[in-house]
Amino acid sequence: MKALVISGGGSKGAFAGGVAQYLIEERQKKYDIFIGTSTGSLLACHLALNKVKKIKEVYTNVTQRSIFSHCPFIIKRKNGIETIGIHHLNVIRNFFKGRKTFGESYNLKKLIINTITKAEFNQIKVSTIDVVVTVSNLSLNQVEYKSIKDYEYEEFCEWIWISCNYTPFMTLVKKNGCEYADGGLGSMIPIDEVIRRGATEVDAIVLETEITQLNRMPSLNVFSLLTNMFNFMLDRIEEQNIRIGKFVASNHNAIIEFYYTPTILTINSLIFDKKKMNRWWEDGYVYAKTKHLNISSNELKN
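Owing to the predicted nature of the structure, the values given are computational and were not obtained by experimental measurement.

Asker: Break down the overall build of the chain for me, citing the residues and quoting the values.
Answerer: A tally of regular secondary structure across the chain gives eleven helices and ten strands. Expected size for 302 residues packed as a compact globule is a radius of gyration near 19 Å; at 19 Å, the chain falls within 12% of this value. Over its C-alpha atoms, taken along the principal directions, the chain stretches across nearly 60 × 45 × 35 Å. The buried share among the 302 residues of the chain stands at 55%. Taken as a whole, the chain presents about 14,400 Å² of accessible surface, with 52% of it coming from carbon and sulfur.

What follows is the structure in structure tokens.
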């Protein structure tokens, strides 16, 4: 059984899309399971349908307004570097409304519903392919995996949305008596889960460099401090996920092929820049192609 696993990473998901496009269209990979966390969950359904062009169009045209119904920050650009500043008025308005987060992401929920049709959902559901998304149950202090086989259209779209909600900047969702948030808070790259579901060949797209190459800039405000703190924690979670994934694979005779970003794409994945995301998609495609050309070249030498 073959599986494609895509990590969380916000706007960096465009790079994952390029890698997946090469694997599916050029390598002719046929996956039985697609599992994603956060931005990875947005890609999963379309990749399962082999509708790469459609999801590429979405990813390379998304903006802050496509995601946030109530954006809690403003983007500042100085000397070619992008940072986020607090949108004080929007944050105050959100708190006056009794919200628990700085911003809201209901536009993303609409985008998901407008992008994945009910017919497409049903096409996957009746097929042998499984699509799974990762969510964090904050109330029960556990990670949950939601399969398309277990839900109807509207509810599964909501689980995809919940998987992407990077709190406290995006919506905190209360569902079934529990509070849910971004799946990456518990599992950034759920390799172990897909192996437990029976996968023996896993392609894992990790939206970070394999070796740490980053010294973060000093925090400029409370938001940049929070993003630095969350990025630090998510990096540690991702490293742990990879170690556990490798351990589980060794005990189940599973093979994992990793696809890391060769360079640092961005220091803030909450910034959605169409030009950059378009370039990252192409970079992902070229990276995957180059990786396989190098593997083939080495095999011929040996």
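Asker: Hey, could you go over the nonpolar core for me, with residue numbers and the actual values?
Answerer: Counting 75 residues, the largest nonpolar core has Leu4, Phe34, Leu47, Val131, Phe156 and Ile205 as the members making the most contacts within it. Non-local contacts of leucine 4, meaning those with residues more than four positions away in its chain, are made with Ala20, Leu23, Tyr31, Ile33, Phe34, Ile35, Leu47, Asp203 and Ile205. The next biggest cluster of nonpolar side chains, apart from the first, holds 20 residues, and it includes Ile35, Ile191, Val248 and Ile256.

Asker: Could you give an account of the pattern of salt bridges, naming the residues involved and the relevant values?
Answerer: Under the definition given, this model contains 17 salt bridges. Note that lysine 54 is salt-bridged to glutamate 120, the shortest N-O span being 2.8 Å. Pair noted here: lysine 54 is in helix α3 (residues 52-59) and glutamate 120 is in helix α7 (residues 118-125), with a separation of 66 residues, a long-range link. Residue classification places lysine 54 among the partly exposed residues on the basis of a relative accessible area of 29%. Residue glutamate 120 is classed as buried on the basis of its relative accessible area of 5%. Between lysine 56 and glutamate 282 there is a salt bridge, with its nearest N and O atoms 2.6 Å apart. Within this pair, whereas lysine 56 is found in helix α3, its partner glutamate 282 is found in helix α11 (residues 274-301), the two being separated by 226 residues in sequence. Relative accessible area serves as the criterion here: at 22%, lysine 56 is assigned to the partly exposed category. One network of salt bridges, with partners in common, ties together Lys109, Glu155, Glu158 and Lys175.

Asker: Can you tell me about the environment of leucine 43, naming the residues and giving the values?
Answerer: Residue placement: leucine 43 occurs in helix α2 (residues 39-48). For leucine 43, a relative accessible area of 0% gives the class buried. Separated by 23 residues in the primary sequence, leucine 43 and alanine 20 have C-alpha atoms spaced 9.2 Å apart. Leaving out residues up to four positions away in the same chain, leucine 43 has contacts with Ile6, Gly13, Ala16, Gly17, Ile55, Tyr59 and Trp281.

Parameters at a glance
Residues numbered from 1 in each chain as written. Predicted model: local features only at pLDDT ≥ 70, side-chain atom pairs only at ≥ 80, totals over all residues. Heavy atoms only, no water. Helix = DSSP H or I, 4+ residues; strand = E, 2+ residues; numbered from the N terminus. Rg over C-alpha atoms; globule rule 2.2 N^0.38 Å. Buried < 20%, exposed > 50% of the residue type's maximum accessible area, 1.4 Å probe, protein only. Areas by Shrake-Rupley, 256 points an atom, 1.4 Å probe, with all protein chains shown as cover. Core = buried A, V, L, I, M, F, W, Y, C linked by side-chain atoms within 4.5 Å. Contact = heavy atoms within 4.5 Å. Salt bridge = Lys/Arg side-chain N within 4 Å of Asp/Glu carboxyl O.

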